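Take a look at the letters that make up each chain.
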Amino acid sequence: VLLVRNKKEFSALGSKCPHYGAPLSKGVLRGQRLRCPWHGACFNIKTGDIEEYPSLDCLPCFKVTVEHGKVFVRAKKKVLTLPAVISTSSTLGQDTSKRCLLNRDTVLLLGGGVAAMVCAETLRQEGFTGRIIMATKEKHVPYDKVKLSKEMNLKAEDVYLRTPEFLDAHGIELWTEKEAVSVDFQKQKVCFTDGSSEKYDQLLIATGSHSRFLEVPGADLQNVCILQTPEDSSKILELATGRNLVIIGASFIGTRLEGQASRHPAPARDTNETGVQPGAAMPPPAPARAQLPLPLQMLQNKGVKFYMKTELRELKGKDGKVTEAVLASGEKLPADVVVVGIGVFPNSAFLKGSSIARDDSGAILVDLRMQTNVPHVFAAGDVVSFPVALLNGARSSIRHQQVAEAHGHVAALNMLKKEKELHTVPFFWTTMLGKSIRYAGCGKGYTDTVVKGSLEQQKFLIFYIRNGIVTAAASLDCDPMVSLIAEVLYLGKQISKEEAE
């Protein structure tokens, strides 16, 4: 139990964040908001309600009394023995609405990720009793995609965010392996690949993004992989164990995979890894490699070889399987497995030729209420471009789990005419070789940085500056500083470069 004193009032609530079990005693308290030190989830200390994602579950609250100068907390033993991270089959709450057959309204959610899931749950929490359909091309219920590159030895069921039983209990229909091919906005109807169609009263497009494909000779060889699903994760781990692994791209996905192979137990640690970062120059000589960004240095120290600013010319194979990666320089890298992590594109091709507004990348344009230019149509998550407060309202696509959840929540509220605008500070995290990296804000277009601590000692806080003002911060081993900065930004306060220094 965590006992909190705010001025002269006491509150008692669960001591660990329901997301990943972080100790909330090390979090950030501002007024009645308690922010998790690890991933930025926020809770109201009086009610335990979620005020900022990525946590999907509220905190338990307990009765507090003060008698003769002593503070007493009363709680049921059963509640105190519950695990910090709530089971995926837990309920939304006693007052959650259920499906009522008399309500003929249908909300159709395209996509099976966290944006669609939070939208569905919010609709029920806010009293919607109509039909909710979640249609996804996935085989699974919504799952924690963050873990696909962090814990690759897990089964699909181990990363489920909610179970099928949970969805059934709350009247949320899940249609798996059901991919949309077109939308008739005038008739308010979606057509699917199997030839079926479904009408809607309100539509959420939350179809996410897809990994970009290689466009070089040999890209279609076997054992050339992308990481998109639990099946992809398991396949890559199995294929790469004890083999030559080449990762194309030095994105966070790529570095997470390299970190997994470097630290994984048993024979996986014998994987020979090579990272290729596309660019326009030859691989750097040895001295230049010492100047790699810190995450890459950490991996290099574990035996990962990096080839920066170079292009992949082609992949060669034997008997249909990849055996070699050839760089633009002519250098040949042994490759039993190739993993491609060169960015993503929005899953919005099925909207081509329709009246919905998209940008040049294909991202759907929405406002702060997650509304598109088409009546009764909302969009959320990786597939959208939205106004970002930290960019002075300029649009951007921010593909973080926490942002997608916030999108889904706001979309649901506006489907119900709550007139709620998005108010969130993007929060991102990753782990590498046992180290946790936190990032909050939006550093796009930054022109300066302020570094506190030591990069060499792997304990630091970095402020990203644009026009003399902090717009983002990143840290390693400096909790809860990024959560503190996220809270300051959330409150609309500015941090100057001078204050950061």
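Residues numbered from 1 in each chain as written. Predicted model: local features only at pLDDT ≥ 70, side-chain atom pairs only at ≥ 80, totals over all residues. Heavy atoms only, no water.

**Q** How would you sum up the packing of helix 2 (residues 114-125) against helix 8 (residues 401-415)? Please name residues and give values.
**A** Running from N to C, helix 2 and helix 8 point in directions that differ by 35 degrees, and their axes come no closer than 7 Å. For the crossing formed where helix 2 meets helix 8, the hand is right-handed. Taken together, the residues of helix 8 that come into contact with helix 2 (itself represented by Val-114, Ala-115, Val-118, Cys-119, Thr-122 and Leu-123) are Gln-401, Ala-404, Glu-405, Gly-408, His-409, Ala-412, Leu-413 and Met-415. A breakdown of the residues in the contact of helix 2 with helix 8 according to their chemical character gives nine nonpolar, four polar and one charged. (Axes fitted to C-alpha atoms, helices over the stretch in contact; angles between N-to-C directions. Helix = DSSP H or I, 4+ residues; strand = E, 2+ residues; numbered from the N terminus. Left-handed = near helix turned anticlockwise from the far one by under 90°. Contact = heavy atoms within 4.5 Å. Nonpolar A, V, L, I, M, F, W, Y, C, P; charged D, E, K, R; others polar.)

**Q** Before we move on, could you go through helix 2 and cite the residues and values that matter?
**A** Side chains that are three or four residues apart share a direction in an α-helix, a result of its 3.6 residues per turn. When the terminal C-alpha atoms of helix 2 are compared, their 16 Å separation across twelve residues agrees well with the 16 Å that a helix rising 1.5 Å per residue should span. The element helix 2 is extensively covered by neighbouring structure, given that eleven of its twelve residues are classed as buried. Three or more residues of helix 2 are buried, namely Val-114, Ala-115, Ala-116, Met-117, Val-118, Cys-119, Ala-120, Glu-121, Thr-122, Leu-123 and Arg-124. Elements that come into contact with the buried residues of helix 2 comprise strand 9 (106-110), strand 10 (131-135), helix 3 (164-169), strand 11 (172-175), strand 15 (202-205) and helix 8. (Expected span 1.5 Å × (residues − 1). Buried < 20%, exposed > 50% of the residue type's maximum accessible area, 1.4 Å probe, protein only.)

**Q** How would you explain the pairing of strand 34 (residues 469-476) if you had to name every residue and give the values?
**A** Of all eight residues in strand 34, seven are buried; the element is thus mostly enclosed. Pairing of strand 31 (residues 435-441) with strand 34, which is carried by five bridges, proceeds in the antiparallel orientation. Within strand 34, the residue paired with Ile-437 across the bridge is Leu-476. With seven bridges connecting them, strand 33 (residues 459-466) and strand 34 associate as antiparallel partners. In the sheet register, Leu-461 faces strand 34, and the bridge partner there is Ser-475. What sits between strand 33 and strand 34 in their antiparallel hairpin is a turn of two residues, with Asn-467 showing a positive phi close to 55 degrees. (Pairing = 2+ DSSP bridges.)

**Q** Can you explain helix 8? Please cite residues and give values.
**A** A rise of 1.5 Å per residue sets the reference length of helix 8, with its 15 residues, at 21 Å; its end C-alpha atoms lie 21 Å apart and thus fit the reference within 8%. Helix 8 sits mainly inside the fold: 14 of its 15 residues count as buried. Taken from the residues just after helix 8, Lys-417 is the one with a positive phi, measuring 65 degrees.

**Q** Can you tell me about the state of the cysteines, naming the residues and giving the values?
**A** Any covalent bond linking the sulfur atoms of two cysteines counts as a disulfide. Taken as a whole and assessed by the stated rule, the structure comprises zero disulfides. In this model Cys-61 remains outside any disulfide bridge; the closest cysteine sulfur is found in Cys-58, 8.5 Å from its own. For Cys-61, a relative accessible area of 33% translates into the label partly exposed. (Disulfide = S-S within 2.5 Å.)

**Q** Any chance you could break down the sheet that holds strand 9 for me, citing the residues and the numbers?
**A** Spatial strand order, 11-10-9-15-27: five strands in an open sheet with parallel pairing. The open sheet has two edge strands with one neighbour each: strand 11 and strand 27 (377-379). Neighbour to neighbour, the strand axes of the sheet diverge by 20 degrees on average, direction disregarded. Sheet topology places strand 9 next to strand 15; four bridges connect them, and they run parallel.

**Q** An account of unusual backbone geometry is requested, with residue identities and associated values reported.
**A** The step from Asp-479 to Pro-480 runs through a cis peptide bond, and the omega angle for that step is 5 degrees. Mapped onto the fold, Pro-480 is located in the loop between strand 34 and helix 9 (481-490). A positive phi is found at Glu-177, a non-glycine position, where the angle reads about 50 degrees. Tracing the chain through its elements places Glu-177 in the loop between strand 11 and strand 12 (180-184).

**Q** Tell me about the nonpolar core, residues and numbers included.
**A** Membership of the largest hydrophobic core comes to 96 residues, with the highest contact counts inside it found for Leu-109, Leu-110, Phe-185, Val-190, Leu-203, Leu-204 and Ile-205. Tallying contributions element by element places helix 2 first for this core, with eight residues. When neighbours within four sequence positions are excluded, Leu-110 is seen to be in contact with Ala-135, Ala-180, Val-190, Phe-192, Leu-203, Leu-204, Ile-205, Ala-206, Thr-207 and Phe-350. In terms of nonpolar packing, the next biggest core, distinct from the first, is built from 17 residues, Ile-248, Tyr-307, Leu-312 and Leu-315 among them. (Core = buried A, V, L, I, M, F, W, Y, C linked by side-chain atoms within 4.5 Å.)

**Q** If you had to explain the sheet that holds strand 13 (residues 189-192) to someone new, which residues and values would you point to?
**A** Read from one edge to the other, the open sheet built from three strands follows the order 12-13-14, with strand pairing classed as antiparallel. The outermost strands of the open sheet, each flanked by one partner alone, are strand 12 and strand 14 (197-199). The mean inter-strand angle of the sheet, taken between neighbouring strand axes irrespective of direction, is 20 degrees. Relative to strand 13, strand 12 runs antiparallel, the two being bridged by four bridges.

**Q** Please provide a residue-by-residue account of the pattern of salt bridges, values included.
**A** Enumeration according to the criterion identifies 14 salt bridges in this entry. The closest approach of N and O atoms between Arg-33 and Glu-487, which form a salt bridge, is 2.9 Å. Of this pair, Arg-33 sits in strand 4 (residues 33-35) while Glu-487 sits in helix 9, and the two are 454 residues apart along the sequence. A salt bridge links Arg-162 to Asp-57, with the shortest nitrogen-to-oxygen separation between them at 3.4 Å. Of this pair, Arg-162 sits in the loop between strand 10 and helix 3 while Asp-57 is found in the loop between strand 6 (50-52) and strand 7 (61-67), placing the two residues 105 residues apart along the sequence. (Salt bridge = Lys/Arg side-chain N within 4 Å of Asp/Glu carboxyl O.)

In short, the description is geometric, and any link to function would need to be established separately.
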